[in-house]
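# Observations on the three-dimensional arrangement
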Amino acid sequence: MNDKSYTEFTKLSGKKKNTETYVKDLYIEMLLSEIQLNNEKASLMSLIDKAIDERNKEKFNELSIKFNLLCKRFGT
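Residues numbered from 1 in each chain as written. Predicted model: local features only at pLDDT ≥ 70, side-chain atom pairs only at ≥ 80, totals over all residues. Heavy atoms only, no water.

Per an unreviewed UniProt entry, the recorded name for the protein is IDEAL domain-containing protein, and the organism is Niallia hominis.

### Some words on the pattern of salt bridges
Evaluation of the coordinates by the stated rule reveals three salt bridges. One salt bridge connects Glu62 with Lys59, and the closest N-O pair in it is separated by 3.9 Å. Here Glu62 pairs with Lys59, and both are found in helix 2 (residues 57-74), just three residues apart, close to one helical turn. Classification of Lys59 by relative accessible area gives partly exposed; the value is 36%. The partner of Lys66 in a salt bridge is Glu62, with the nearest N and O atoms 3.7 Å apart. Taken together, the residues span about one helical turn, with Lys66 and Glu62 both in helix 2 at a distance of four residues. (Salt bridge = Lys/Arg side-chain N within 4 Å of Asp/Glu carboxyl O. Helix = DSSP H or I, 4+ residues; strand = E, 2+ residues; numbered from the N terminus. Buried < 20%, exposed > 50% of the residue type's maximum accessible area, 1.4 Å probe, protein only.)

### So, the nonpolar core
Core analysis: the largest hydrophobic core is formed by eight residues, namely Leu37, Leu44, Ile48, Ala51, Leu63, Phe67, Leu70 and Cys71. Residue assignment for this core shows that the elements contributing at least two residues are helix 1 (6-53) and helix 2. With sequence-adjacent residues up to four places away left out, Ala51 is seen in contact with Asn56, Lys59, Phe60 and Leu63. (Core = buried A, V, L, I, M, F, W, Y, C linked by side-chain atoms within 4.5 Å. Contact = heavy atoms within 4.5 Å.)

Next up, the structure:
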């Protein structure tokens, strides 16, 4: 028969649920960060394309710097 008491069993069960919740929360946070990154990249790329079409070198350089900083911030 099992030597663990009901109290010990419920404590272990609670720790497992906390770990599962933490992992799920971490996964959700990572997913939201990835979505944010992709949206910001797409927005900047659209603005960079517009600057190229308008032959606006200053705007292009400004947006390119922002894009590179965004990539560095997210490690891409």
